[in-house]
Amino acid sequence: MKANDKKYTILYGRLSQEDDRDGESNSIGNQRLMLEKYAEEKGFENCKFLFDDGYSGTNFNRPSWNEIMSMIESGQVETLIVKDMSRLGRDYLQTGYLLEHTFPNYKVRFIAINDAVDTLYGDNDFTPFRNLFNDFYAKDCSKKIRAVKKAQAERGERLGKPPYGYMKDENDPKQIIPNPETASIVQYIFNLCLEGRGPNQIARQLSEEEILNPSNYNYQKTGAKTNQLDTTRPYRWRGNSIVNILDDETYIGNTVSMQHTTASYKNKKQIIRPENEWLRFENTHQAIIKKEVWDIAQQLRQSKKRSVKEMDTPNPYSGLIFCADCGKMLNLHRAHTMAESKNNFMCSTYKRYGKEECSSHYLRQTILDKIILDDIKRVTHFARQDEALFTKHINEKNTVETRATINKLQKELDIMTKRDIELTVLFKRLYEDNVLGRIPDEHYRTLSEEYTAEQKSLRINIPKAKEDIEKQKNSLTNVDRFIEKAKKYTDLTELTPEILHLFVEKIVVGEKAEKYSRTAPQDIWIYYRDIGMLSDVKKEFDIEPIEEFCKIDTDEIIEQHDMLLAM
């Protein structure tokens, strides 16, 4: 600032969402008229009006207020005028510090018109009380708003703006419907996930295809700005944006509320609530993503590992292939210096600890691709050929196997539930014994810590057990879904990641009958989504059991594959 430049008289207005409910009197336009009229009548010159619309008084991180503070610190401000003290802020400590330290240090005159505050004429004895009342008002508003939001959430109403891919229903503002412009992008993101791509890979793909990111799309449609908005890079997607989309149950038709809270009405930093405090309502609106696609995406993300550096193609079998002996995953071994036809799977335990812990279970990817594709063709063909017979067989098989699994899980759940109740009773007795002096404090603390740790573990495992039982019960009625997929994919010529994950739930690879032999057969078990493993297919189908079908002569297939490459 030049020496001959006049300092500014700043006219500042602020309006929060809570203030907006009070009506027109607190509107930004009304504040501006009052401030400009006062400045003109009192002869203030070089006036500049700045305002923050939609910002709480407990939050001093506001765009225009930050600009004002920069001007004050650089010596450009002579006078700051507001309508009343609450426009400056509703934080008692922060406003007090500004009035008693910041403004005097930078020789800034402060005026609050309606509260008769003017620092030119000394301190106003009532100002600290006004600041305190403004603070109380903010706290009271926060409590009321939280109570209203909680009541809305408990009724299953959606809180906040529609997520990317949705829009408000014009006929019912409380309801959301798929946005025809962006719903397909959400589906595309999930399809890329099913292909084995991670969030950062998906973000790069969308950026390369120049698809508007959510913040820029919203800005172009509504003019609303967010903290993430960067208009210089409208097509730049970030990995965390993809993660948020893949995690959001809204896309399968659910409404999930009360996931976050804040530390206090002053501290707006979001805190994630424990999942058992969330409110979840299913089928509240039209889904964009099928539940099956959602489940596969979640499973893929849980088992996803980083791709080999600079490998363009992700591992399509990530989270699907396991060792028959140790139960651990088989890792895909590949490199830029190695021909793609030699990509192979190997037991992760063997790779890490050697032959003392497990054997290699070596299997080339090209061989596995052929086996899986042929078997999917085999099973889907017969699912289409005789739906009634296929359904009967699968239901009979699943009923026996699943009922046994459900019974086993239910017994485990009953034991855990009973133990949880016992621990609650033991806590009560332990406390009484300690109070009555029957056990010393040291023993009480030791036993209390042990019981607390055990009960904490039980209360984590009990919901998981209930979820597992529910999944098993749901699996009894999924044969129709498998037949529906079989009808959809009638001409399978290539094993794509999408086909693999839609049909296959798990692959278990056994060791060769004779270790290190190139000619010994090797067992592979394929577990299909919705129907399980077809290991004892009825003779009426006139097809081989999967053990026979997947008992492979690796040497023969390698020779065939190498001959094709040489042609």
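Within each chain, residues carry numbers counting from 1 in the order of the written sequence. Per-residue local features are limited, in this predicted model, to residues with pLDDT of at least 70; the limit for side-chain atom pairs, both in listing and counting, is 80 or more; totals at the level of whole chains, interfaces and linings are taken over all residues. Think of the side-chain values as coming from all heavy atoms in the structure, minus any hydrogens and water.

**What about the nonpolar core?**
Counting residues in each nonpolar core, the largest one holds 68 residues, and the members touching the most others are Phe190, Trp237, Ile372 and Phe390. Definition used in this section: a nonpolar core is a set of buried Ala, Val, Leu, Ile, Met, Phe, Trp, Tyr and Cys residues joined via side-chain atoms within 4.5 Å. Throughout this description, buried means an accessible area under 20% of the type-specific maximum (1.4 Å probe, protein chains only), exposed means over 50%, and partly exposed covers the range between. By size, the runner-up hydrophobic cluster in this structure holds 21 residues, among which are Leu80, Val82, Leu98 and Val108.

**Things to note about the sheet that holds strand E14 (residues 344–347)**
Paired strands, as defined in this entry, are two strands with at least two bridges between them according to DSSP. Runs of E in the DSSP output that reach at least two residues are strands. Runs of H or I that reach at least four are helices, and both are numbered from the N terminus. Here we have three strands laid out as an open sheet, ordered E13-E14-E15, and antiparallel in their pairing. Since the sheet does not close on itself, it has two edges, and those belong to strand E13 (330–333) and strand E15 (363–364), each with one partner. Two strands pair when backbone bridges link them, and E13 and E14 are joined in this way by four bridges, in the antiparallel orientation. Residue pairing across strands places leucine 332 opposite phenylalanine 345, the latter belonging to E14.

**A few points about the packing of helix H14 (residues 387–435) against helix H16 (residues 479–488)**
Orientation is described by lines fitted to C-alpha atoms, with helices fitted over the stretch in contact, and by angles between N-to-C directions that extend from 0 to 180 degrees. One can describe the packing of H14 onto H16 by two numbers: an axis separation of 10 Å at closest approach and a directional angle of 140°. What the angle tells us is that H14 and H16 run oblique. Between H14 and H16 the crossing geometry is right-handed. For the pair H14 and H16, the contacting residues are Glu387, Phe390, Thr391, Ile394 and Asn395 in the first and Val479, Asp480, Phe482, Ile483 and Lys487 in the second. Note on residue categories: nonpolar means Ala, Val, Leu, Ile, Met, Phe, Trp, Tyr, Cys or Pro, charged means Asp, Glu, Lys or Arg, and polar means any other residue, Gly included. Among the residues making up the contact of H14 with H16, the classes are represented as five nonpolar, two polar and three charged. Orientation categories follow fixed angle ranges, with anything under 35 degrees roughly parallel, anything over 145 roughly antiparallel, 65 to 115 roughly perpendicular, and all other angles oblique. Crossings are assigned a handedness: left-handed for a near helix turned anticlockwise from the far helix by less than a right angle, right-handed for a clockwise turn. The contact criterion used is simple: two residues touch if any of their non-hydrogen atoms lie within 4.5 Å.

**So, the environment of lysine 370**
Take lysine 370: it is sitting in helix H13 (residues 365–385). Judged by relative accessible area, lysine 370 falls into the partly exposed class, the value being 44%. For the pair lysine 370 and glutamate 494, spaced 124 residues apart in the sequence, the C-alpha separation amounts to 9.2 Å.

**A look at the packing of aromatic side chains**
The description of an aromatic ring pair uses the distance of the two centres, along with the angle that the planes make with each other. The aromatic pairing rule takes the rings of Phe, Tyr and Trp, using the six-membered ring of Trp, and pairs them if the centres are within 6.5 Å, calling planes under 30 degrees apart stacked, those over 60 edge-to-face and the rest tilted. Scanning all chains against the criterion turns up 16 aromatic pairs. Where phenylalanine 190 meets tyrosine 251, the ring centres are 6.5 Å apart and the plane angle is 65°; that geometry is what we call edge-to-face. Highlighted residues: phenylalanine 190 in helix H7 (residues 183–194) and tyrosine 251 in the loop between helix H10 (239–247) and strand E8 (255–257), separated in sequence by 61 residues. Across the pair, tyrosine 251 and phenylalanine 190 agree in class, each one buried. With a centroid separation of 6.0 Å and an interplanar angle of 20°, the aromatic rings of phenylalanine 390 and phenylalanine 482 are classed as stacked. Remark: phenylalanine 482 occurs in helix H16 and phenylalanine 390 occurs in helix H14; sequence separation between them is 92 residues. In this structure phenylalanine 390 comes out as buried when scored by relative accessible area, which is 3%. Pairwise contacts between aromatic rings join Phe390, Phe482, Tyr489, Phe503 and Tyr528 into one cluster. We count a charge as sitting over a ring when the NZ of a lysine or the CZ of an arginine lies within 6 Å of the ring centre and within 35 degrees of the ring normal. Directly above the aromatic system of phenylalanine 60 lies the positively charged group of arginine 62, at a separation of 4.6 Å from the ring centroid. Over the face of the ring belonging to phenylalanine 503 we find lysine 485, whose NZ or CZ atom lies 5.4 Å from the ring centre.

**Examining the environment of glutamine 94**
Here glutamine 94 lies in helix H5 (residues 92–105). A relative accessible area of 34% means that glutamine 94 is categorised as partly exposed. Glutamine 94 sits 36 residues away from threonine 58 along the chain, and the two C-alpha atoms are 8.7 Å apart.

Scope: geometric values only; no functional claims are made or implied.
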